[in-house]
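The residues making up each chain are set out below.
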Amino acid sequence: MRTLVATVLYNSKGKEIFCTAKKINDQHLDYIRDANRQDLEAVGFVFIKMLSLEYPNVRGYAIFFEGHVNDIMPALKAMAYK
């Protein structure tokens, strides 16, 4: 099962703007923002690049978790113990 966690778009200054899924809370997002991308991928997160065919300046990515939404927080906490 693959769970959508968030979508991220870049604004004109290159800053990431996060839009989370309904089941993701602020604590999940804080862990994800502060974590290294390689560490997130190691515990089951997948990053999929997004772009717009109509608007060339629109770019970003989607973050998925390979598992159920209930398994996200234990996976994030497990990163701290490594």
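Here's a quick rundown of the structure. The structure presented is a predicted model; accordingly, all values stated were derived computationally and were not measured.

**Some words on the packing of aromatic side chains**
Part 1: All told, the structure shown has three aromatic pairs when counted by the stated rule.
Part 2: Seen in terms of ring centroids, Tyr 10 and Tyr 61 are 6.2 Å apart; in terms of plane orientation they differ by 55°. Their pairing is tilted. Of this pair, Tyr 10 sits in strand 1 (residues 2–10) while Tyr 61 sits in strand 4 (residues 59–66), and the two are 51 residues apart along the sequence.
Part 3: Plain terms: the ring middles of Phe 47 and Tyr 61 are 5.7 Å apart, the flat faces sit at 55° to each other, and that makes the pair tilted. Of this pair, Phe 47 sits in strand 3 (residues 45–51) while Tyr 61 is found in strand 4, placing the two residues 14 residues apart along the sequence.

**Quick notes on helix 3 (residues 72–80)**
Part 1: Those residues of helix 3 not exposed but buried are Ile 72, Met 73, Ala 75, Leu 76 and Met 79. The buried residues of helix 3 occupy an angular sector of 165° when projected down its axis, which confines them to one face.

**Thoughts on a nonpolar patch on the surface**
Part 1: Taken together, the side chains of Leu 9, Tyr 55 and Val 58 present a nonpolar region at the surface, about 280 Å² in accessible area.
Part 2: Mapped onto the elements, Tyr 55 comes out in the loop between strand 3 and strand 4.

Here is what the cut-offs are and how they apply
- Residues numbered from 1 in each chain as written.
- Predicted model: local features only at pLDDT ≥ 70, side-chain atom pairs only at ≥ 80, totals over all residues.
- Heavy atoms only, no water.
- Phe/Tyr/Trp six-rings, centres within 6.5 Å; stacked < 30°, edge-to-face > 60°.
- Helix = DSSP H or I, 4+ residues; strand = E, 2+ residues; numbered from the N terminus.
- Buried < 20%, exposed > 50% of the residue type's maximum accessible area, 1.4 Å probe, protein only.
- Arc of directions from axis to C-beta.
- Patch = residues over 30% accessible without salt bridge, like charges linked within 9 Å, V, L, I, M, F, W, Y side chains within 5 Å.
- Areas by Shrake-Rupley, 256 points an atom, 1.4 Å probe, with all protein chains shown as cover.
- Salt bridge = Lys/Arg side-chain N within 4 Å of Asp/Glu carboxyl O.

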